[in-house]
Amino acid sequence: LGGIAFPTLALNTAGMDADASERAYRQAIACGITHVDFHPGIERDGVARVLADTDASKLFLTTKIRKPPVGATPADAAKMVRVQLEEDLSRLGVPRVDMLMLRDSPAPEVMQAQWAEVERAKASGLTRSVGVVNYCERSLGCILQTAKEAPAINYYMLHVGMGADAGGLRTYCDSRGIKTFAYGALGEPAPSAELLSSEELRKIGAEHGGRSAEEVALRWVLQSGAACSVRPTTSFGLGFSVCDAGAACAAGLRARSAAFGWSLTAAEMRQLSQMTSPAGNPTLFSSTGCPNSFFAAK
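What counts and what doesn't
- Every chain's residues receive numbers from 1 upward, in the order its sequence appears when written.
- Side-chain atom pairs in this predicted model are given and counted only at pLDDT of 80 or more, local residue features only at pLDDT of at least 70, and totals for whole chains, interfaces and linings cover all residues.
- With hydrogens and water excluded, all non-hydrogen atoms of the structure serve as input to the side-chain values.
- At least two bridges found by DSSP between two strands are what make those strands a pair.
- Think of it this way: any DSSP run of H or I at least four residues long counts as a helix, any run of E at least two long counts as a strand, and we number them from the N terminus.
- Where helices are involved, their axes are fitted lines through C-alpha atoms of the stretch in contact, as for all axes, and angles between N-to-C directions lie from 0 to 180°.
- For this document, the term salt bridge refers to a Lys or Arg side-chain nitrogen within 4 Å of an Asp or Glu carboxyl oxygen.
- The cut-offs for exposure are 20% and 50% of the maximum accessible area for each residue type, with area from a 1.4 Å probe on protein chains only; residues under the lower value are buried, those over the upper are exposed, and the others partly exposed.

Engineer: Looking at this structure, I do not really get the sheet that holds strand β1 (residues 9-12). What am I missing?
Structural biologist: Two strands in a sheet stick together by hydrogen bonds in their backbones, pointing the same way (parallel) or opposite ways (antiparallel). Taken in spatial order, the eight strands of this closed barrel run β1-β2-β3-β4-β5-β6-β7-β8, and their pairing is parallel. Taking the axes of each pair of neighbouring strands and ignoring which way they run, one obtains an average angle of 25° across the sheet. Of the strand pairs in this sheet, strand β7 (residues 179-183) and strand β8 (residues 227-230) are connected by two bridges, and their pairing is parallel. Residue pairing across strands places Ala182 opposite Cys228, the latter belonging to β8.

Structure (structure tokens):
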């Protein structure tokens, strides 16, 4: 990504408290997963505990700017970027993060003002790279009108059943040099029972030494050429994710870190890419400015 090595597999701390975030990241590092994808607030504070006694130069830190409130002016929204990044870096105890991602807004001028501020943060050395979260084509087109630099990545949901190019978003991004950073390999906001019990995934896993449906689903995302942010276990849902002190979290992370030790065949990739269920909206958690937003139904 613009000369920056972007680790392909990341720990996703979404919904964890500080203790779980710290525990999960320490266990992920032990499994070789040095990339952490976290939100500001308590998830970040758990990551900060890890950084207090770990060499940050060997880690990769990805965070997100909070959504601006509805009605925020472009100037106020831009200031939010500066204030949050200053707070995050102070809490983390580092001079910069590795990837700073911007959420969208239904107001085009707000997105453009915030993107300009994200670009300034990179120019000032406060982040090594910049990207966006849940940006549909409308949102991407909006910021590209005024951007000096295109986002390096678009972070959106991708899982078996959505096809390799859900809604044409991946083709749109690829044509503009924007790479895919996926989340939700097992579905969101909770794991898909259909994926976990899929006979097709089970049969494919059996051909590879008894791999689970979880492992097959993750391998499909990675082998498609996307980076992927993973929950440590299937114990998650809207607003929560579990990494208890028991063995399950560490075992889940070991299984996910093993995703690079095997490959699906070309025929298996085609089979999985042709599945049409469970369907999904890649930018489900976008603002109401994008189609079929989860928040539009609330």
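Engineer: Any chance you could explain the pattern of salt bridges here in plain terms?
Structural biologist: In a structure, side chains of opposite charge can pair up when their charged atoms sit close to one another. If you walk through the whole model with that rule in mind, you get 18 salt bridges. Asp104 is the salt-bridge partner of Lys67, the closest N and O atoms lying 2.9 Å from each other. Linking Lys67 in the loop between β3 (60-65) and α3 (74-92) with Asp104 in the loop between β4 (99-103) and α4 (108-123), this pair joins segments that are 37 residues apart in sequence. Given a relative accessible area of 30%, Lys67 falls into the partly exposed group. A salt bridge links Glu214 to Arg256; the shortest N-O distance between them is 2.9 Å. Linking Glu214 in helix α9 (residues 213-223) with Arg256 in helix α10 (residues 248-257), this pair joins segments that are 42 residues apart in sequence. Given the relative accessible area of 26%, Glu214 is considered partly exposed. By sharing partners, the salt bridges in this structure join Asp19, Glu22, Arg26, Arg49 and Asp53 into a single network.

Any link to function would need more than the numbers given here.
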